[in-house]
Amino acid sequence: MNPEPLPFTEIVHISVVILYAYEQKASDLHFEPGETNYHIRMRQDGMLRSIFLGAPHHASRINTQLKVMAELDIAEQRVPQDGRISFAVKAAHLLNIRVSTCPTAHGEKIVLRLLDPKAHIHTFTELGFQESQRDQFTQAIEQPNGLILVTGPAGSGKSTTLYSALNALNKNTRNIATIEDPVEITLPGINQVPVFAKLNLTFARILRSLIRQDPDVIMIGEIRDRETAEIAIQAAQTGHLVLSTLHASSALEAVNRLAHMGIARYELLSALHLVVAQRLLRTGQAGRTGVFECLPITPAVKRYILTHEYLSYAELQAVEPMVTLRAAALHKAQQNIVSLAEVNRVVREV
């Protein structure tokens, strides 16, 4: 299954594995029971890598350790559970770990999401923005109101981009609030509210409440439905800067995605200032870098979107020249930051 030597041949305590994953800059740990083995893998630079393969009997002891650390019910193995672990990797440096359990045919699988507060705050240049894109993004978030959307698939770095934006905006003169599911990284000076579906604390319900809390900036973890989208647009129209993520493959696709939710284009464009699409590419050494496309909603872009049912980048470029995701990725390949194979794997032609 894995021809390379594994870093662990025996697991004494799970804290050793977590510390190893942190040192290797892994984003996730997967603890997977099988019929004939017990497998531990970590996600490093977006790819899963095996770190332990042992007999099935390891599952019970390791799962119990993880559940105790996350304060979960160790007796319950039939239904999924969610928890959190605060793990000290150094003095005064805590790793926030999100824990998710799920029953499978051969026992409970447990996944740990490793969230390092220090690793999630970057300058926009460190994130991978080109200079012109960085200027567009900075100008947009410094506006007193309007809607800014960051799009891309799961795992493309959207949350990191928004956390970095919030950090740049975090001044004593601003009231900043977030709605997250869940709160991944706690930011001092920012009011962060977790979604709690069991109590009907949805994105939309919390957003309605936060608007009455005199916010200057609101970050919505994700726009998932029409109600949340409508309230976000209304907030952006009435003096608030609203930042959010949306699952869409490109900046133009974000417009179509909201249209599918029932948001009219003219309504969206009355509030929308900027759409950012992004991906993460593995670099030549280690780690990943972001590639971005920024679509500012200029008067020319508004006219194009309102007068064309089908939106295409070829036509858009004639209206508002922009650096597309593909162009940004190819530029990094030309600089030998990433390989052409990696560009073709992650970013396709539009």
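A brief report on the enclosed structure follows.

Conventions used here
Residues numbered from 1 in each chain as written. Predicted model: local features only at pLDDT ≥ 70, side-chain atom pairs only at ≥ 80, totals over all residues. Heavy atoms only, no water. Helix = DSSP H or I, 4+ residues; strand = E, 2+ residues; numbered from the N terminus. Polar contact = N/O pair within 3.5 Å; in protein donor to acceptor, adjacent residues only side chain to side chain. Contact = heavy atoms within 4.5 Å. Core = buried A, V, L, I, M, F, W, Y, C linked by side-chain atoms within 4.5 Å. Buried < 20%, exposed > 50% of the residue type's maximum accessible area, 1.4 Å probe, protein only. Pairing = 2+ DSSP bridges. Axes fitted to C-alpha atoms, helices over the stretch in contact; angles between N-to-C directions. Arc of directions from axis to C-beta. Salt bridge = Lys/Arg side-chain N within 4 Å of Asp/Glu carboxyl O. Patch = residues over 30% accessible without salt bridge, like charges linked within 9 Å, V, L, I, M, F, W, Y side chains within 5 Å. Areas by Shrake-Rupley, 256 points an atom, 1.4 Å probe, with all protein chains shown as cover. Right-handed = clockwise from strand over helix to strand, strands pointing away.

**Things to note about the side chain of Thr245**
- Here Thr245 shows up in strand β11 (residues 241-246).
- One polar contact links the side chain of Thr245 to the main-chain carbonyl oxygen of Gly221, over a distance of 2.5 Å.
- If we ignore the near neighbours within four places in the chain, the residues touching Thr245 are Val150, Lys158, Leu162, Ile220, Gly221, Glu222 and Ile223.

**Structural notes on the nonpolar core**
- Core analysis: the biggest nonpolar cluster contains 43 residues, and Leu147, Leu258 and Leu295 have the highest contact counts within it.
- Ranked by residues supplied to this core, first place goes to helix α7 (residues 226-237) with six residues.
- Ile11, Tyr22, Ile51 and Leu72 belong to the second-largest nonpolar core, a separate cluster that totals 30 residues.

**Structural notes on the sheet that holds strand β7 (residues 146-151)**
- Taking strand neighbours across the sheet as the criterion, the seven strands line up as β9-β8-β10-β11-β7-β12-β13 in an open arrangement whose pairing is mixed. Looking at which strands have only one partner, the edges of the open sheet turn out to be β9 (191-194) and β13 (288-296). The mean angle between the axes of side-by-side strands here comes to 15 degrees, regardless of whether they run parallel or antiparallel.
- Relative to β9, strand β8 (residues 176-180) runs parallel, the two sharing four bridges. Each residue of the ladder has a partner; that of Glu180, found in β9, is Pro194.

**A look at helix α12 (residues 325-334)**
- Those residues of α12 that fall on the buried side of the exposure criterion are Leu325, Arg326, Ala328, Ala329, Lys332 and Ala333. Within α12, the buried residues cover an arc of 165 degrees as seen down the axis, which keeps them to one side.
- Looking at the residues trailing α12, positive phi occurs at Asn336, about 60 degrees.

**Thoughts on the pairing of strand β12 (residues 272-282)**
- By the criterion of burial, β12 is predominantly enclosed, with eight of the 11 residues buried.
- When β7 meets β12, the two strands line up parallel, connected through five bridges. Pairing of Val150 across the sheet is with Val276, part of β12.
- Where β12 meets β13, nine bridges bridge the pair, whose relative direction is antiparallel. Following the sheet pairing, Arg282 is matched in β13 by Arg288.

**Examining the pattern of salt bridges**
- Scanning the entire structure with this criterion turns up 15 salt bridges.
- Glu184 is the salt-bridge partner of Arg98, the closest N and O atoms lying 3.1 Å from each other. Residue Arg98 is found in strand β5 (residues 93-104), and its partner Glu184 is found in the loop between β8 and β9; the two are separated by 86 residues along the sequence.
- Residue Arg98 is classed as partly exposed on the basis of its relative accessible area of 23%.
- Given a relative accessible area of 14%, Glu184 falls into the buried group.
- Residues Arg174 and Glu142 are paired through a salt bridge, measuring 3.1 Å at the closest nitrogen-oxygen approach. Residue Arg174 is found in the loop between α5 (158-169) and β8, and its partner Glu142 is found in the loop between α4 (131-141) and β7; the two are separated by 32 residues along the sequence.
- Classification of Glu142 by relative accessible area gives partly exposed; the value is 40%.

**Brief notes about a nonpolar patch on the surface**
- Judged by side-chain polarity, Phe196, Leu199 and Leu201 come together as a nonpolar surface patch covering roughly 260 Å² of accessible area.
- Inspection of the secondary structure assignment puts Leu201 in the loop between β9 and α6 (203-211).

**Some words on the sheet that holds β5**
- Here six strands make up an open sheet; going across it, the order is β3-β2-β1-β6-β5-β4 and the pairing antiparallel. Two strands lie at the open edges of the sheet, namely β3 (47-54) and β4 (81-90), each paired on one side alone. Across this sheet, the average inter-strand angle for adjacent strands is 20 degrees, counted without regard to direction.
- As defined by bridge partners, strand β2 (residues 38-44) adjoins β3 across seven bridges and the pair is classed as antiparallel. Residue pairing across strands places Gln44 opposite Met47, the latter belonging to β3.
- Its contacts with the sheet put helix α1 (residues 14-23) on β1 (26-33), β2, β3, β4, β5 and β6 (107-115), and the angle it makes with β4 is roughly 70 degrees.

**Quick notes on the pairing of strand β10 (residues 217-220)**
- Going residue by residue along β10, you find Val217 and Met219 tucked away on one face and Ile218 and Ile220 tucked away on the opposite face as well.
- Inspection of the sheet shows β10 paired to β11 by four bridges, in the parallel sense. Within β11, the position partnered with Val217 by the bridge is Leu241.
- Once you follow β10 into α7 and on to β11, the crossover reads as right-handed.

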